[in-house]
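Secondary and tertiary structure notes
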Amino acid sequence: MRLPDMGAWRKLAERYFAPAWKVDHPVEVECGEGVHLVDRQGNRYVDFTSGYGPTLTGHCHPRVVKAIRHQAGRLIHTATTVYNEPVVRAAEAVLAVASIGGDPMIHFMNSGAEAVEAAMKLSRLATGRPAFIAFRGAFHGRTLGALSLTTSKGLYRDCCEPLVPGVYFAPYPYPFRSPFGQDPEACAQGCLAEVELLFEHIVPPRQVAAMFVEPVLGEGGYVPPPISFLQGLRRLCDAHDILLVADEVQSGFGRSGRWFAIEHAGVEPDIMVIAKALASGMPLSALIARREIAQKWSPGAHGTTYGGNPIACAAALATLDIIREEGLVENAVEQGAFLLSELRALQQEYPMMGDVRGRGLMIGIEFVQDEQKTPWPEAVQQVVAECRARGVLLAACGPRSQVVRLLPPLILTREQAEYFLEIFADAVASVTR
Ligand code: PLP
């Protein structure tokens, strides 16, 4: 038997791709199945990255594959030249689960960044105001508009100035590294006070169109905020007629243990942006807005050729059915609580696991070198490499990549969670300076 030339794809990729195309793991994957990825030699990896979030129903869920195959044989593309059934059905299904009031309307696009751009444009149009408020550490995408709101890593903004003007930043409540102390409430109140200071000193609220917030900080470090923070933002927005935009691109569709992470706070945004898990990995995103806001758009004022592609919409319909019928939101609560409590027990043995935090199956483990909480990205690299050598793929996040982020598919079973914990504990034990 001829063995595959391992490393061949990697060599070609390194030759052809601009280096911005950064690949985390030197693994050549041939196929995916449920929580597993299988490489060219037949090695199976438990995928705790979900490809940065989209494969929430697992790799190649049979119902998603069937929906895609069926739709591909009927209609692949029309754009907005005519109506087609999958896009209308997908709109209906997504609006039925979206936690947003005001008889909302939807606009489909392809990627998360695009949906954020659309929210920037629509909120300016709807309010007639120029400015935005975003939170330090947040990630909203890497196109120029979305990048203007993104501060999770300086790297993304390097050499991109000037960005969209009129964006002002306040701190995101990050109790583990908060200038307001580790008490989550004090941290939330401190961050809200900073927003008010922005209003007082820098940008009068009547100039602010929208506040953009991730209901759980994603790429910035997997930080669930105290719910009083999101409630406080809603109050500030109401007081000043500012639109609240929830970026649920990463936290949506059950990942946090609710359909949308903002539901934990019991508040409704005015605009919500979604992508990633929406179509189990087919490129599809959307903006959802209260009707009176969405209606400000003139026909054709915004759009994109591939937005609402019929195959992606068929995949979205299957995805929503799977989440509901297989109880994936409930499973995120159950497996998330199990992983969190086991990881916190492990933390007692290993002080380098400085903070273990999460909501649902969105869990961050922040590694520190000492009691001063000096970030320890090298330890994260070692843990990730050791886990890979033992058959588990992980991703990092945080400004210095000092956080291991766990975002497995929501079909994760207890046995698979236990298997992961065993390997993760071994990997942590092997970390050396
Ligand atoms: N918003 C959030 C919260 C994200 O996590 C991401 C991607 O990771 C984006 C926006 C950008 O999405 P995309 O990569 O599809 O452009």
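Everything below is about the structure shown above.
Parameters at a glance
- Residues numbered from 1 in each chain as written.
- Predicted model: local features only at pLDDT ≥ 70, side-chain atom pairs only at ≥ 80, totals over all residues.
- Heavy atoms only, no water.
- Helix = DSSP H or I, 4+ residues; strand = E, 2+ residues; numbered from the N terminus.
- Rg over C-alpha atoms; globule rule 2.2 N^0.38 Å.
- Buried < 20%, exposed > 50% of the residue type's maximum accessible area, 1.4 Å probe, protein only.
- Contact = heavy atoms within 4.5 Å.
- Lys, Arg positive; Asp, Glu negative; His and termini not counted.
- Charge placed at Lys NZ, Arg CZ, Asp CG, Glu CD.
- Patch = residues over 30% accessible without salt bridge, like charges linked within 9 Å, V, L, I, M, F, W, Y side chains within 5 Å.
- Areas by Shrake-Rupley, 256 points an atom, 1.4 Å probe, with all protein chains shown as cover.
- Salt bridge = Lys/Arg side-chain N within 4 Å of Asp/Glu carboxyl O.
- Pairing = 2+ DSSP bridges.
- Axes fitted to C-alpha atoms, helices over the stretch in contact; angles between N-to-C directions.
- Near = heavy atom within 4 Å.
- Polar contact = N/O pair within 3.5 Å; in protein donor to acceptor, adjacent residues only side chain to side chain.
- Nonpolar A, V, L, I, M, F, W, Y, C, P; charged D, E, K, R; others polar.
- Core = buried A, V, L, I, M, F, W, Y, C linked by side-chain atoms within 4.5 Å.
- Phe/Tyr/Trp six-rings, centres within 6.5 Å; stacked < 30°, edge-to-face > 60°.

**Examining the overall build of the chain**
Across its full length, the chain carries 13 helices and 15 strands. For a compact globule of 433 residues, the expected C-alpha radius of gyration is about 22 Å, and the chain comes in at 21 Å, within 12% of that figure. Projecting the C-alpha coordinates of the chain onto the three principal axes gives extents of approximately 65 × 60 × 45 Å. Taken across its 433 residues, the chain has 57% of its residues classed as buried. Put simply, 72% of the contacts in the chain that link residues at least 6 apart link residues at least 24 apart. Positive and negative charge centroids in the chain, built from 40 and 47 side chains respectively, lie 5 Å apart.

**As for unusual backbone geometry**
Of the consecutive residues Glu-161 and Pro-162, the connecting peptide bond is found in the cis state with omega at 0°. Turning to its location among the elements, Pro-162 is positioned in the loop between helix H6 (154–157) and strand S6 (167–171). One non-glycine residue, Tyr-52, lies in the positive phi region at around 65°.

**Structural notes on a nonpolar patch on the surface**
Side chains of Leu-12, Tyr-16, Phe-17, Trp-21 and Val-23 sit close together on the surface and give an oily, nonpolar patch of about 580 Å² of accessible area. You can see Val-23 is positioned in the loop between helix H1 (8–16) and strand S1 (29–33). Accessibility expressed as a relative area gives 54% for Val-23, which makes it exposed.

**Some words on the sheet that holds strand S15 (residues 403–406)**
Spatially, four strands are ordered S11-S12-S15-S14 in an open sheet, and the strand pairing comes out antiparallel. Edge positions in the open sheet fall to strand S11 (353–359) and strand S14 (395–397), since each of these has one partner strand only. For this sheet, the mean inter-axis angle between neighbouring strands, taken without regard to orientation, is 30°. Against the sheet, helix H11 (residues 328–349) makes contact with S11, strand S12 (362–367) and S15, and its axis sits at roughly 170° relative to S11, the strand it touches most.

**Considering the site of the ligand**
The immediate surroundings of the ligand are formed by Ser-111, Gly-112, Ala-113, Phe-139, His-140, Gly-141, Glu-214, Asp-247, Val-249, Gln-250 and Lys-276. At 2.8 Å from an oxygen atom of the ligand is found a main-chain nitrogen or oxygen belonging to Ala-113. At 2.7 Å from a nitrogen atom of the ligand is found a side-chain nitrogen or oxygen belonging to Asp-247. Considered on its own, the ligand offers 390 Å² of accessible surface; in the complex 81% of this is hidden by protein. Within the shell around the ligand, the residues separate by chemical class into three nonpolar, five polar and three charged.

**Details of the sheet that holds strand S8 (residues 243–247)**
Spatial strand order, S4-S10-S9-S8-S7-S5-S6: seven strands in an open sheet with mixed pairing. In this open sheet, the two edge strands, each paired with only one partner strand, are strand S4 (105–109) and S6. Pairs of neighbouring strands in the sheet enclose a mean axial angle of 20°, with direction left out of account. For S4 and strand S10 (residues 285–289), the ladder comprises five bridges, and the chain directions are antiparallel. Note that in S10 the partner of Met-105 across the bridge is Ala-289. Against the sheet, helix H4 (residues 112–127) contacts S4, strand S5 (131–136), strand S7 (208–213), S8, strand S9 (271–274) and S10, and its axis sits at roughly 25° relative to S10. Most of the contacts of helix H7 (residues 184–201) go to S6, to which it runs at about 150°, and overall it touches S5, S6 and S7.

**Observations regarding the nonpolar core**
Soluble globular proteins tend to pack their nonpolar side chains together in the buried interior. The biggest cluster of nonpolar side chains holds 102 residues, and the ones touching the most others in it are Met-211, Phe-367, Leu-394 and Phe-424. Looking at this core, the element that brings in the most residues is helix H10 (residues 310–325), giving nine residues. If we skip the residues at most four places from it in the chain, Phe-424 touches Leu-343, Leu-346, Met-353, Ile-365, Phe-367, Val-383, Cys-387, Leu-394 and Val-404. If you look at the next biggest cluster of nonpolar residues, it comprises 27 residues, including Met-120, Ala-146, Leu-149 and Ala-289.

**Considerations on the environment of Ala-396**
With respect to the element layout, Ala-396 can be found in strand S14. In this structure, Ala-396 is in contact with Val-380, Ser-401, Val-403 and Arg-405, ignoring residues within four places of it in sequence.

**Observations regarding the packing of aromatic side chains**
Ring pairs (aromatic) are described by centroid distance and by the angle formed between their planes. In the structure shown here, the tally under the stated rule is eight aromatic pairs. Judged by centre distance (5.1 Å) and plane angle (70°), the ring pair of Phe-253 and Phe-260 falls under edge-to-face. In this structure Phe-253 comes out as buried when scored by relative accessible area, which is 1%. The buried category is assigned to Phe-260, whose relative accessible area is 0%.

**Things to note about the pattern of salt bridges**
For the structure shown, the criterion picks out 19 salt bridges. In this structure, Arg-291 engages Asp-103 in a salt bridge whose closest nitrogen and oxygen atoms are separated by 3.0 Å. Placement of the pair is Arg-291 in helix H9 (residues 291–294) and Asp-103 in the loop between helix H3 (85–97) and S4, with a sequence separation of 188 residues. What makes Arg-291 partly exposed here is its relative accessible area of 29%. Arg-177 is the salt-bridge partner of Glu-366, the closest N and O atoms lying 2.6 Å from each other. Of the two residues, Glu-366 sits in strand S12 while Arg-177 sits in the loop between S6 and H7, which places them 189 residues apart along the sequence. The class of Glu-366 is buried, set by a relative accessible area of 0%.

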